[in-house]
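# Residue-level structural notes
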Amino acid sequence: MVYANLNLHHLNLNLHSHRAQLAYTALISGAVVASTIFAFQKVKQISRLKSLKDSIPPSSESNILTDFGAAAARSRLQDESDAVLAANARRGDWDEDIILEQLARNRVFLGEEGLNKVRNSFVIIVGCGGVGSWVATMLLRSGVGKIRLVDFDQVTLSSLNRHAVATLADVGTPKVQALRKRLEQVAPWVEIDAQNELWKMEDGAALLTGEPTFVVDAIDNIQTKVDLLFYCKTHNIPIISSMGAGCKSDPTRVCIGDISESTEDPLSRSTRRRLRQKGVSTGIPVVYSTEKPGPGKASLLPLSEDEFGKGKVDELGVLPDFRVRILPVLGTMPSIFGLCVANHILTTIAGYPTEYSKGKDRSKLYEDMIAQLAGQESRLRGNSPGIRIPLNESDVGYVADEVFKGKSIVSGFFTRLVLTRWEPLPPRDEGFWGENDHTITTNDVVLMTKDEAKKHEKDVLKVGGSPEEVWGPDVVKTVEERRKEEEFYSKFR
């Protein structure tokens, strides 16, 4: 009986052992099969990647500068190969897995839906120099499906310190062609439309066709920049603008915000003033720097005597109204501006949440300035009640920040500031004003500290004194200069 039980127990042990062996064998077999599948997929991926790399032609050894500083001819076979590769990719002759692998990091960051929005977007970049080339490069690398490049200019030797992709071989060739040639080697499935043209208001609509998701203003000519911003704003085309990167060196001062918030930038100030004459003062995102100019820092270089000797200065530029003086540029700064522009576009299109630092809210200051100016107008009219001046916060902010640059016209101080009439009212008996005539314009006022405004009201406005006798000829001259500036900007209405 005991012997039978022992045999039964031994049989059970053998049975369990056999089942364990079967399970173990199945586990090992499954692992082997899985490893084989993963290995096959890896080999397939490597093969695809090799095919991708092999399809990109190597750089031509003949791409050197000629004796005249222009680019030597590129291999025709290489150009044709690039073009065929890009055309095939745009027709769908490309492996989607390869594309998704290339965009894997952005896919995880933005999410499936966000990346799909980016891939289905169409961005037009006007200006393909130091800023625009970086915008184009990062938008393409991030998955934007269609990009149009617009620029009339050529690559120069001096632009190689800041251009994203241009090489010595590209000197003398159109910027848009140099950019497209390099970008097609990164993502040939992206549709790149290179337009070697100057954007102008008269026929600019043709270069903005196709319902773009976003337009990038990377132009450094003020009037063309203003025209492009005004066109897009009034035609409800989303646009972001890059302000001046020249003469800047502090990357921590680069900001993204509304154009009304941008400060310490001559290009931004001039752009804002011209746009305001056209009725646009807000609603355009811009990349700008709050870095202040100062002693020892770079500034716009003067023209040499030799250049003046060549003829009229306004005839020296490559095109009418384009600057001829040299603006010093630290090569790193345009790239930072361009990356900020690209970042804003990507997060906006994908719907990714952003929280930009906002400029100071000065609405309360402007309200106080309006109230104080109304009080002065009342006192100058014998304490006439109910004075309402025809200036709003936008008008007051424009005068204070743009015309007088946030500083007293007398002392240059920038605290405790108010607006005050500059010249006395005409005599009442001349019929120019009455108790109900409260006309005052932005051209009638100046910016002073509160104490200076009190003195000005007492010694000039109430007794009909001369501003020159009270403040001196230099202050009067400065006021006249600011008025002439405003007269100049009024031409752009």
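About the thresholds
- Residues numbered from 1 in each chain as written.
- Predicted model: local features only at pLDDT ≥ 70, side-chain atom pairs only at ≥ 80, totals over all residues.
- Heavy atoms only, no water.
- Helix = DSSP H or I, 4+ residues; strand = E, 2+ residues; numbered from the N terminus.
- Contact = heavy atoms within 4.5 Å.
- Areas by Shrake-Rupley, 256 points an atom, 1.4 Å probe, with all protein chains shown as cover.
- Polar contact = N/O pair within 3.5 Å; in protein donor to acceptor, adjacent residues only side chain to side chain.
- pLDDT = per-residue confidence, 0-100.
- Core = buried A, V, L, I, M, F, W, Y, C linked by side-chain atoms within 4.5 Å.
- Buried < 20%, exposed > 50% of the residue type's maximum accessible area, 1.4 Å probe, protein only.
- Pairing = 2+ DSSP bridges.
- Axes fitted to C-alpha atoms, helices over the stretch in contact; angles between N-to-C directions.
- Phe/Tyr/Trp six-rings, centres within 6.5 Å; stacked < 30°, edge-to-face > 60°.
- Parallel < 35°, antiparallel > 145°, perpendicular 65-115°, else oblique.
- Left-handed = near helix turned anticlockwise from the far one by under 90°.
- Nonpolar A, V, L, I, M, F, W, Y, C, P; charged D, E, K, R; others polar.
- Salt bridge = Lys/Arg side-chain N within 4 Å of Asp/Glu carboxyl O.
- UniProt positions renumbered as here; feature names shortened; annotations may be inferred.
- Expected span 1.5 Å × (residues − 1).
- Bend = angle between axes of the 7 residues up to and from the residue.
- Right-handed = clockwise from strand over helix to strand, strands pointing away.

The next thing to look at is the overall build of the chain. Scanning the chain from terminus to terminus reveals 15 helices and 9 strands. Contacts spanning at least 24 positions in sequence make up 73% of the contacts within the chain whose residues lie at least 6 apart. Element-wise, carbon and sulfur atoms account for 55% of the exposed surface of the chain, whose accessible area totals about 27,300 Å².

Another aspect to go through is the environment of serine 335. Relative to the assigned elements, serine 335 resides in helix α10 (residues 332–350). Considering only alpha carbons, one finds serine 335 and glycine 129, 206 residues apart in sequence, at a separation of 10.0 Å. Setting aside chain neighbours within four positions, we find serine 335 in contact with Gly130 and Trp134. Within the structure, the side chain of serine 335 is placed 2.5 Å from the backbone oxygen of threonine 332, a separation counted as a polar contact.

So, on to the confidence of the model for the chain. Chain-level pLDDT for the chain is 81 on average; 71% of the residues reach the 70-or-more range. Predicted confidence is poor over residues 1–13, with pLDDT under 50, and the contacts of this stretch with residues over four places away or in other chains come to 0 contacts. Overall, residues 429–436 carries pLDDT values under 50, and its contacts beyond four positions in sequence, including any with other chains, amount to 11 contacts.

Let us now look at the nonpolar core. In terms of nonpolar packing, the biggest core is built from 42 residues, with Val123, Ile125, Leu139, Leu149, Val216 and Ile345 touching the most fellow members. Here this core takes 8 residues from α10, the largest share from any one element. Setting aside residues no more than four positions away along its own chain, leucine 139 makes contact with Val123, Ile125, Val144, Ile147, Ala342, Ile345 and Leu346. Judged by nonpolar contacts, the second largest core, of 29 residues, contains Ile389, Leu419, Val445 and Met448.

Taken in spatial order, the 7 strands of this open sheet run β3-β2-β1-β4-β5-β7-β6, and their pairing is mixed. Pairing within the sheet leaves two strands with one partner each, and these edge strands are β3 (191–195) and β6 (254–258). Strand-to-strand twist of the sheet, defined as the mean angle between neighbouring strand axes without regard to direction, takes the value 15°. With 5 bridges joining them, strand β2 (residues 146–150) and β3 adopt parallel strand pairing. Across the sheet, leucine 149 pairs through a bridge with alanine 194, a residue of β3. Here helix α5 (residues 132–141) sits on the sheet in contact with β1 (122–126), β2, β3 and β4 (214–217), set at roughly 165° to β1.

On to the packing of aromatic side chains, then. Applying the stated criterion across every chain, the model contains 2 aromatic pairs. For the ring pair tryptophan 199 and tyrosine 231, a centre distance of 6.2 Å and an interplane angle of 70° mean the geometry is edge-to-face. On the criterion of sequence distance, the pair formed by tryptophan 199 in the loop between β3 and β4 and tyrosine 231 in helix α7 (residues 222–234) is long-range, its members being 32 residues apart. By relative accessible area, tryptophan 199 is classed as buried at 2%. Look at tyrosine 231 and you get buried, because its relative accessible area is 14%.

Next up on the list: the packing of α5 against α10. Running from amino to carboxyl end, α5 crosses α10 at an angle of 40°, the nearest separation of the two axes being 8 Å. Our classification of the angle between α5 and α10 gives oblique. For the element pair α5 and α10, the recorded crossing hand is right-handed. Within the contact between the two elements, α5 uses Trp134, Val135, Met138 and Leu139 and α10 uses Ser335, Gly338, Leu339, Val341, Ala342, Ile345 and Leu346. Its residues placed into classes, the contact of α5 with α10 shows 9 nonpolar, 2 polar and no charged.

If you walk through the whole model with that rule in mind, you get 25 salt bridges. Salt-bridge contacts for aspartate 153 lead to lysine 175; the nearest nitrogen and oxygen are separated by 3.8 Å. In this pair, aspartate 153 is assigned in the loop between β2 and α6 (175–183) and lysine 175 in helix α6, connecting sequence segments 22 residues apart. Since its relative accessible area comes to 11%, lysine 175 is described here as buried. Connected through shared salt-bridge partners, Asp170, Lys181 and Arg182 make up one network.

So, on to the UniProt feature "transmembrane region" (unreviewed entry) in the chain. According to UniProt, the "transmembrane region" (unreviewed entry) feature falls on residues 20–40 and 122–140. Between the C-alpha atoms that bound residues 122–140 there is a distance of 11 Å. The span itself is 47% helix and 26% strand.

Within the secondary structure layout, serine 142 lies in the loop between α5 and β2. Every residue in contact with serine 142, bar those within four places of it in the chain, is listed here: Leu103, Asn106, Leu115, Val118 and Leu346.

Okay, the side chain of arginine 148 next. Take arginine 148: it is sitting in strand β2. The class of arginine 148 is buried, set by a relative accessible area of 7%. At 2.8 Å, the side chain of arginine 148 and the side chain of aspartate 193 are in polar contact. If we skip the residues at most four places from it in the chain, arginine 148 touches Phe122, Val123, Ile124, Ile125, Asp193, Gln195, Ala206, Leu207, Leu208 and Thr209.

Further remarks concern helix α4 (residues 104–119). Here α4 contains 16 residues, and its C-alpha end-to-end distance of 13 Å is more than 12% below the 22 Å for a straight helix at 1.5 Å per residue. Bending of α4 peaks at approximately 115° at the position of glycine 111. Within α4, burial applies to Ala104, Leu110, Gly114, Leu115 and Val118. Where α4 is buried, its residues meet α3 (96–102) and α10.

To continue, consider unusual backbone geometry. Although it is not a glycine, glutamate 211 adopts a positive phi angle of roughly 55°. Looking at the secondary structure, you find glutamate 211 in the loop between β3 and β4. Overall, the relative accessible area of 75% leaves glutamate 211 in the exposed class. Even without a glycine there, the phi angle at lysine 405 is positive, about 55°.

In summary, the side chains of a regular strand alternate between the two faces of the sheet. Residue alternation in β4 divides its side chains into two sets, Phe214 and Val216 and Val215 and Asp217, and both sets are buried. Of the strand pairs in this sheet, β1 and β4 are connected by 4 bridges, and their pairing is parallel. Along β4, the bridge assignment pairs isoleucine 125 with valine 216. Looking at chain direction, β4 and strand β5 (residues 239–242) are connected through 3 bridges and run parallel. By the bridge assignment for β5, valine 216 is matched with isoleucine 240. Of the crossover connections in this fold, the one passing from β4 over α7 to the parallel β5 is right-handed.

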